[in-house]
Amino acid sequence: MASEHIVLNQGQNTNLAQGQSLQVMIQCDASPSPLDISCFMVNEAGKVPSDDYFIFYNQNVDPHQSVNLTQATERSTQFLLDMNKLQNAPIAKCVFTATLEGAGTFAEVQGCKAVLTIGEQEITYTVTEATAETALIFIEVYRYQQGFKVRAIGRGFFGGLQPLAESFGVEIDDSPEETVSSQTSSTEPTPAPVISEPLSTPEPATPPSNPSMGKIDLLKRKVTLSLEKKQVPPIQARVAVVFDASGSMYSLYKKGIVQEAFERILAIAAAFDDNGELDVWFFAKEFLRAPSVRAEDYKDYVARTYKLGSKGGTNNEPPVMEDVIRRYTVEEPNVRIPTYIIFFSDGGVSSKSKITKLITESSHQNLFWQFVGLGNANYGILRQLDELKGRFIDNASFFELDDISKVSDEELYDRLFNEFPSWIVEARRKGILA
C-alpha cells in the first residue's frame, strides 16, 4: 500500500517520486465498447520520432525498452516505465490515451481513471469532464529538471483514433483499398501505423496586405483548428489578457517569453473579436491598463508598452480584476457577447477572500476567467476554482504550465478552450448572454 496518495484534478501536475519503475494503469469501470489504450512517446515538438515510439497492443515496447505495455483487457491496460532508461530515450514526454474501438462516446464510459504507482507514491486522476468524444488523452509523464512530473489532461478528440494519432504525427492508413481488403479477409493483420512528417502550415494563397500580420494569421489558423477539432462552432467574444509583472516574472519578460505568450493570445482575439482587438493589462503591486492592440501592431508590443522598473514587486490581483470587471460591466457593457479573460500568474496568490468575492460577484456577468499558472508555485485560491461555492455559474478555470515556452501552440489552445465554450452554452441557458 502506497504511503503517499495524491489525487489530481484536470490540469494539475505533480512531481513523480524517485524510483526505478513506474506503473501506469489506465482503466474504466464500464464502457459501451472496448478501450484501445496507447502511449505516444513524443519529442519537444509533440511528435513521435518514429513508429517505434507508438506503444499499443500490437507493439508493446519501444526501442529503449523504457515503456512496456505489460497487460491489456477490454477495460484496462497496464504500462511499466523504466525511469532510468526513459532518461536516455529521445523523447520529452509519454502521453497516455484511449479510444473506443466500437460504438459509443466517453460520455457513456464510467469510472475513467489513471493510477500511477512508483515506490511509496500513488497518484490518481479520475476523468470527470468527458462528453461526446470518442478519443481521450488521460495523462502525460514529462521531463522536469532532473526528474519527471505527471499532468492530468482529460482532453478529448472527436473522430476516434485518426485525429488523435494525427495530432502526434501518426497517420493511420484507412484508404478505401485497405478497407476493402480488410473486409474481404478477416484474417488480415491490422495495418501498422505509418508515421508522417509534421506538415508545415501552408502560406495563404494571397499574402496579407500588411506583412507583419503573417505570424498572427498562422496562429489564428491553429485557434480555428483547435475549435474545429472539438466541434465547437465559431465564437464571437471580446478577449482580454492580464499578465503578472511582479519581480519574479522579470526573466520571462527579458527572454521574450511574455511577448510570445501575448502573440498567442492576440491570435485568439483575431479569431474571436469582431474587430480583432485584444485588451491588455499588466499588474504587480499596482496595475496598468495598456492600449488595446490588433494584429498589425503585435511586434515588440510588450517591450513598447510595459517597462518593469519600479512597477515590479509583489502580486496584487484584486485591483486589476476590479478594473477588468469595471471596463466590461460599467464602461463598455455588452450582454450580447461573452468576454474571455486570460489571466497569467506565476504564483504568490494570497488575497483569497477578495479574489473569491470578485469571481463570485462576476458570475452573474458575461465574464469568463481563465487563469494560467506559470510554474509550480503558490496559486492559493486558483487551485480551488472548481469547488468554489456561491456562484451563479461556474465562471472560472485554472491550469498550470511548467514552461509555457515549451508548450506547443496546439496544446495551449486545446487547454485554453477546455471550458470556455461550454460556459458560453450554460451562460446562454441561464440568461447571462442575450
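Thresholds, definitions, all that
Residues numbered from 1 in each chain as written. Predicted model: local features only at pLDDT ≥ 70, side-chain atom pairs only at ≥ 80, totals over all residues. Heavy atoms only, no water. Helix = DSSP H or I, 4+ residues; strand = E, 2+ residues; numbered from the N terminus. Contact = heavy atoms within 4.5 Å. Areas by Shrake-Rupley, 256 points an atom, 1.4 Å probe, with all protein chains shown as cover. Pairing = 2+ DSSP bridges. pLDDT = per-residue confidence, 0-100. Phe/Tyr/Trp six-rings, centres within 6.5 Å; stacked < 30°, edge-to-face > 60°. Buried < 20%, exposed > 50% of the residue type's maximum accessible area, 1.4 Å probe, protein only. Lys NZ or Arg CZ within 6 Å of the ring centre and 35° of its normal. Salt bridge = Lys/Arg side-chain N within 4 Å of Asp/Glu carboxyl O. Core = buried A, V, L, I, M, F, W, Y, C linked by side-chain atoms within 4.5 Å. Axes fitted to C-alpha atoms, helices over the stretch in contact; angles between N-to-C directions. Parallel < 35°, antiparallel > 145°, perpendicular 65-115°, else oblique. Left-handed = near helix turned anticlockwise from the far one by under 90°. Nonpolar A, V, L, I, M, F, W, Y, C, P; charged D, E, K, R; others polar.

1. Concerning the overall build of the protein chain
Of regular secondary structure, the protein chain possesses 11 helices and 20 strands. Look at the contacts in the protein chain between residues 6 or more apart in sequence, and 74% of them connect residues 24 or more apart. Summed over all atoms, the accessible surface of the protein chain reaches about 19600 Å², with 49% contributed by carbon and sulfur.

2. What about the sheet that holds strand β4 (residues 35-42)?
With antiparallel pairing, the six strands of this open sheet are ordered in space as β2-β12-β11-β8-β4-β5. Strand pairing shows two members of the sheet lacking a second neighbour, β2 (13-15) and β5 (54-55), which therefore form its edges.

3. Details of the confidence of the model for the protein chain
Confidence in the prediction for the protein chain averages 84 pLDDT; 86% of positions are at 70 or higher. With pLDDT under 50 throughout, residues 174-213 is counted as low confidence; its partners more than four residues away or in other chains account for 41 contacts.

4. As for the environment of S76
Along the chain, the position of S76 falls in strand β7 (residues 76-82). Separated by 51 residues in the primary sequence, S76 and M25 have C-alpha atoms spaced 7.0 Å apart. Setting aside chain neighbours within four positions, we find S76 in contact with M25, I26, Q27, I37 and Q71.

5. Describing the packing of aromatic side chains
Applying the stated criterion across every chain yields a total of 23 aromatic pairs. On the basis of an interplanar angle of 45° and a centroid distance of 6.5 Å, the ring pair of Y253 and F282 is categorised as tilted. On the criterion of sequence distance, the pair formed by Y253 in helix α5 (residues 250-254) and F282 in strand β16 (residues 278-283) is long-range, its members being 29 residues apart. Taking the relative accessible area as the measure of exposure, F282 reaches 0% and is therefore buried. Members of the aromatic cluster, each reached through a chain of ring pairs, are F272, Y340, F368, Y413, F417, F420 and W423. Over the ring of Y144 we find K149; its NZ or CZ atom is 4.5 Å from the centre of that ring.

6. So, the pattern of salt bridges
Scanning the entire structure with this criterion turns up 19 salt bridges. Salt-bridge contacts for E74 lead to R75; the nearest nitrogen and oxygen are separated by 3.9 Å. Judged by its relative accessible area of 48%, E74 falls in the partly exposed class. Note that K222 is salt-bridged to D409, the shortest N-O span being 2.9 Å.

7. Quick look at the nonpolar core
The biggest cluster of nonpolar side chains holds 56 residues, and the ones touching the most others in it are I268, F272 and L416. Top element by residues in this core is helix α6 (residues 257-272). It accounts for 11 residues. Non-local contacts of F272, meaning those with residues more than four positions away in its chain, are made with V223, L227, I235, Q236, A237, V239, Y340, F417 and F420.

8. Quick notes on the pairing of strand β8 (residues 93-100)
Of all the eight residues making up β8, eight are buried; the element is thus mostly covered by neighbouring parts of the structure. Residues K93, V95, T97 and T99 line one face of β8 and the alternating positions C94, F96, A98 and L100 line the opposite face, and both faces are buried. Strand direction decides the pairing type here: β4 and β8, joined by eight bridges, are antiparallel. When the sheet's bridge partners are listed, M41 is paired in β8 with C94. Pairing analysis gives seven bridges linking β8 to strand β11 (residues 135-144), with the strands arranged antiparallel. Opposite A98, over in β11, you have L136 as the bridge partner.

9. Section: the sheet that holds β7
With mixed pairing, the six strands of this open sheet are ordered in space as β1-β10-β9-β3-β7-β6. Strand pairing shows two members of the sheet lacking a second neighbour, β1 (4-8) and β6 (67-72), which therefore form its edges. Adjacent strand axes in the sheet meet at a mean angle of 20° when their direction is disregarded. Pairing analysis gives five bridges linking β1 to strand β10 (residues 121-126), with the strands arranged parallel. The partner of L8 across the bridge, within β10, is Y125.

10. Points about the pairing of strand β18 (residues 339-345)
Of all seven residues making up β18, seven are buried, and the element is well covered by its neighbours. Examined bridge by bridge, strand β15 (residues 238-244) and β18 share six bridges and lie parallel to one another. Paired with V239 across the bridge in β18 is Y340. With seven bridges connecting them, β18 and strand β19 (residues 367-374) associate as parallel partners. Residue pairing across strands places S345 opposite G373, the latter belonging to β19.

11. Section: the packing of helix α4 (residues 214-229) against helix α10 (residues 409-416)
Where α4 meets α10, the axes come as close as 9 Å, and the angle between the chain directions of the two elements is 50°. On the basis of their axis angle, the class for α4 and α10 is oblique. As α4 packs across α10, the resulting crossing turns out to be right-handed. Here L219, K222, V223, S226 and K229 of α4 come into contact with α10, specifically with D409, E410, Y413 and D414. Here the residues of the contact of α4 with α10 are counted per class, giving three nonpolar, one polar and five charged.

12. Regarding helix α9 (residues 352-362)
Within the span of α9, buried status applies to I355, T356, L358, I359, T360 and S362. Packed against the buried residues of α9 are α8 (317-331), β19 and β20 (396-401).

13. Re unusual backbone geometry
Non-glycine residue Q145 carries a positive phi angle of around 55°. Within the fold, Q145 resides in the loop between β11 and β12 (147-157). Its identity is not glycine, yet D300 carries a phi of approximately 55°, on the positive side. Looking at where D300 falls in the secondary structure, it is placed in the loop between β17 (287-293) and α7 (301-305). For D300, a relative accessible area of 53% gives the class exposed.

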